[in-house]
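Listed below, chain by chain, are the residues.
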Amino acid sequence: MRLTKKAKRAIMIGLIPALVIYIGFAIIPIVVSFYYSFMEWNGFSEMTFIGLDNYKQLFKDHLFWNSLKNNIYVLIASVGGQISIALAIALLLNRKLKAVKFFRTIGFMPVVLSSVVVSLTWSLIYNVDDGLLNVVLRSIGLENWTMNWLGDENLAMLSVSVTIIWQFIGLYMIIFLAALQNVPKEILEAADIDGASEWTKTWKIIIPTIKNTIFAALVLAISGSLKTFDQIYVMTSGGPNHATEVAAMYMYTKTFESLQFGYGSAISVLIFLFSLAIIIIANKLMGQKAI
Amino acid sequence: MRIKKVTSKRFFIYLILSLFAIANAYPIVWMVLNSLKTADEFALDRIGLPEGFAFQNYIDAWNTANFGSFFVNSLIVSLVSVVITVFLGALAAYFLSRFQFRMSKFIYGFFVFGLLVPVHATLVPMFILMSKLGLLNTHFSLILPYVAFNMPISIFLLVSFMKSFPKDIEESAIMDGAGILKIFWSIILPMTRPAIATVVILSFINNWNEFVFALVLINDPALATLPLGLQNFAGQYETNYVGQMAGLTMALVPILIVYLFLEKELVKGMTAGAVKG
């Protein structure tokens, strides 16, 4: 269709408001983050240009590396916990069962809840004296197993990760269930006739068919784990003694509590670049645009 | 023999699925049940069923913690953002999906790129930007980023839906002499209703649950949204467990109702965004 001048003007008018808000409040902040990251600045006084000093300092900052290590902990927990449990549940649900819809609904429920609500609920569960977990352990005579789940440096990361896993299993479950609908029935029937066991069918037919979805879910879990913030902020604020501090949490503390706006921006930039790199590498590996 | 084996396998499957369902639901059920106990009752029994309904917890949480105002703030911010997102998003999606012009592919890609932008990487500049605009501690400081960050997924969902309409819709309408915006309003928009429903529910839930922008951009307790208010309340009344649980339950129930009634739309929106972003 050839567009008249009038039509072109209408297009401009239609696109501009959405573009302005999107560019102004999602794109420009990223660009500005880069700019601030070359500055020394407490957010109020004059900025001083210091080149790459923030980044140099960052590479020597063991608390920053510690926070990245915790991101990797969340990443491994998400990939290991969320994807594997979600896949197992989806495989079990993908058959003629009476209560499929019920299990789907319950399974996805935590995903729609606010992470603040989820984290506060789990904080109560982990509470040393009155929390569900320790109370149950005590009542079944496992007094020795009661722990300070969020207060113990060696346990806190595990406890927080369990909450994060709990919250998002449902998301991957639904994604896998949708993919399982596309596994061709004829092939499965043919395998039945050949007397293939369910185990064989799962590993030889079903998993290879939904390979791309599993891969997409992996990328999603990885990039999601780099964004972890809410649960940590609410449950531990990064403590005890930085044991649960993730990169976004460290960025927040550096910026809004230590008022090192330039330094905080440098951390932001690295979070952004890491996320972008993961998506780009994933797309290259897939050889197509899966994400 | 074979039947027996099949039954025991079924039993095993149901067992695992039931354990999964319990693990998913029980933390929430536990919290809701305990929100109905008095503080003394909770101190004695933290697992059992409540003896009565201690609605006093709810009244206290509502009054002392200002839950009423958190609700209103969350509603205002979420609804206004949704209306702006849907209206501007649908308009943009209409032009991006139904017209071919030089920059259309690029602009679409540029919008969808937003799915990759991590919110945390924008916090510092967003804070500075809002303080320069004088918008810190106003509803607008949340509405603007909420619109911006819901735009990519909205445009993605709406464009893919609008693309599926047959090509001759506009042409026949143009012959009738209807203007481009009129076609949008009276033909395309009504046809897009299912996708709009998905976008509305998805962005509403995103906004309702959002925490980190509210944390950074809102200091005034009178303007706090529900997640921020809940977090502050839990910090202040750390040992008032039943009160916290009452507050959490109040925040939970509206979302659960929306979820149970609009599950299909919500799941569609959330997983589309997930696989895309």
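Per chain, the residues get numbers from 1 upward, laid out in the order the sequence is written. Labels follow written order: the first chain is A, the first ligand is 1, and so on. Owing to the predicted nature of the model, reporting of local features is limited to residues with pLDDT of at least 70; listing and counting of side-chain atom pairs is limited to 80 or more, with chain, interface and lining totals taken over all residues.

Asks: Can you walk me through the overall build of chain B in this structure?
Replies: Numbering goes from the N terminus for both helices and strands, where a helix is a DSSP run of H or I of at least four residues and a strand is a run of E of at least two. A tally of helices and strands in chain B yields 14 helices and zero strands. The helix and strand sequence of chain B, counted from the amino end, reads α-α-α-α-α-α-α-α-α-α-α-α-α-α. Taking 19 Å as the expected radius of gyration for a compact globule of 277 residues, we find that chain B reaches 24 Å, considerably beyond that expectation. If one aligns the C-alpha atoms of chain B with their principal axes, the spans along those axes are about 75 × 70 × 35 Å. Whether two residues are in contact is decided by their C-beta atoms, placed from the backbone, lying within 7 Å. Considering only contacts within chain B whose residues lie at least 6 apart along the sequence, 79% involve residues at least 24 apart. For the radius of gyration, the atom set is restricted to C-alpha positions; the globular benchmark scales as 2.2 Å times the number of residues to the power 0.38.

Asks: I tried to follow the overall build of chain A on my own but got confused; where do I start?
Replies: Looking only at helices and strands, chain A has 13 helices and two strands in total. Each principal axis of the C-alpha distribution contributes one length, and for chain A these read about 75 × 75 × 30 Å. The long-range share in chain A, meaning contacts at least 24 apart out of those at least 6 apart in sequence, stands at 69%.

Asks: Can you walk me through the packing of helix 10 (residues 211-226) of chain A against helix 13 (residues 261-286) of chain A in this structure?
Replies: Two quantities define a packed helix pair, namely the angle between the helix axes and the distance between the axes. All names here are of chain A. For every element, the axis is a line fit to its C-alpha atoms; helices are fit only across the contacting stretch, and the angle between N-to-C directions ranges from 0 to 180 degrees. Two elements in contact, helix 10 and helix 13, have axes separated by 10 Å at closest approach and are oriented at 170 degrees. If you check the angle between helix 10 and helix 13, you find them roughly antiparallel. Residues F215, V219, I222, S223 and L226 of helix 10 touch helix 13, and the partners they reach there are I271, F274, S275, I278, I279, A282 and M286. Put simply, Ala, Val, Leu, Ile, Met, Phe, Trp, Tyr, Cys and Pro go in the nonpolar bin, Asp, Glu, Lys and Arg in the charged bin, and everything else, Gly too, in the polar bin. Broken down by class, the residue content of the contact of helix 10 with helix 13 amounts to ten nonpolar, two polar and no charged. Relative orientations are named as follows: roughly parallel for angles under 35 degrees, roughly antiparallel for angles over 145 degrees, roughly perpendicular for angles from 65 to 115 degrees, and oblique for any other angle.

Asks: How do you make sense of the nonpolar core when you look at a structure like this?
Replies: The nonpolar side chains of a soluble globular protein tend to be buried with one another. The biggest cluster of nonpolar side chains holds 165 residues, and the ones touching the most others in it are Y172 and F176 of chain A together with L158 of chain B. Counting residues domain by domain, this core receives three or more from each of domain 1 (2-56) and domain 2 (63-276) of chain B. Excluding residues within four positions of it along the chain, L158 of chain B makes contact with G89, A90, A93, T192, A195 and V199 of chain B. One nonpolar core equals one set of buried Ala, Val, Leu, Ile, Met, Phe, Trp, Tyr and Cys residues connected by C-beta atoms within 7 Å. The burial criterion counts other C-beta atoms lying within 10 Å of a residue's C-beta, which is placed from the backbone; the residue is buried at 20 or more, exposed at 12 or fewer, and partly exposed between these limits. Delimitation of the domains relies on an automatic or database domain assignment.

Asks: Just checking my understanding: could you explain the domain arrangement of chain B for this structure?
Replies: How large an interface is tends to be reported as the accessible area lost when its parts come together. Residue and element names in this part refer to chain B. Its domain assignment divides chain B into domain 1 (2-56) and domain 2 (63-276). Measuring from the centre of the C-alpha atoms in domain 1 to the corresponding centre in domain 2 gives 33 Å. Listed by partner, the interface residues are ten residues for domain 1 and seven residues for domain 2. Only helix 1 (2-34) and helix 2 (39-44) provide two or more residues apiece to the side of domain 1 that touches domain 2. Element by element, the count of residues in the side of domain 1 that touches domain 2 is highest for helix 1, at four residues. Considered class by class, the residues forming the side of domain 1 that touches domain 2 number six nonpolar, three polar and one charged.

Asks: Looking at this structure, how should I read the packing of helix 5 (residues 104-113) of chain B against helix 7 (residues 140-162) of chain B?
Replies: All names here are of chain B. Running from N to C, helix 5 and helix 7 cross one another at 130 degrees; their axes reach a closest spacing of 7 Å. By the angle between their directions, the pair helix 5 and helix 7 is classed as oblique. Contacts from Y108, F111 and V112 of helix 5 reach helix 7 at M151, P152, I155, F156 and V159. Of the residues contributing to the contact of helix 5 with helix 7, the split by class is eight nonpolar, no polar and no charged.

Asks: Is there a simple way to think about the confidence of the model for chain B in this case?
Replies: The predicted coordinates should not be examined in detail at positions where pLDDT is low. In this model, chain B carries a mean pLDDT of 86, and residues with pLDDT of at least 70 account for 94%. The complex model carries a pTM of 0.89, and its ipTM stands at 0.88. Each residue carries a pLDDT score, the predictor's own confidence in it, on a scale running from 0 to 100.

Asks: Teacher, can you tell me more about the environment of I21 of chain A here?
Replies: Mapped onto the elements of the fold, I21 of chain A is located in helix 1 (residues 5-36). Sequence-distant contacts of I21 of chain A, that is, excluding residues within four places in its chain, are made with L88, L144, V147, A148 and M151 of chain B.

Asks: Would you explain the interface of chain A and chain B in this entry?
Replies: Contacts between the two partners involve 70 residues from chain A and, on the opposite side, 69 residues from chain B. Looking at the side of chain A that touches chain B, the element that brings in the most residues is helix 1 of chain A, giving 16 residues. Class assignment of the residues belonging to the side of chain A that touches chain B gives a composition of 55 nonpolar, twelve polar and three charged.

Asks: Would you take a moment to explain helix 1 of chain A for this structure?
Replies: Along an α-helix, residues three or four positions apart point the same way, because every turn accommodates 3.6 residues. The largest bend in helix 1 of chain A is about 40 degrees, located at I23 of chain A. Buried residues along helix 1 of chain A sit against strand 1 (39-40) and helix 13 of chain A together with helix 4 (67-98), helix 5, helix 6 (123-132) and helix 7 of chain B. To obtain the bend at a residue, axes are fitted to the seven residues ending there and to the seven starting there, and the angle between these axes is taken.

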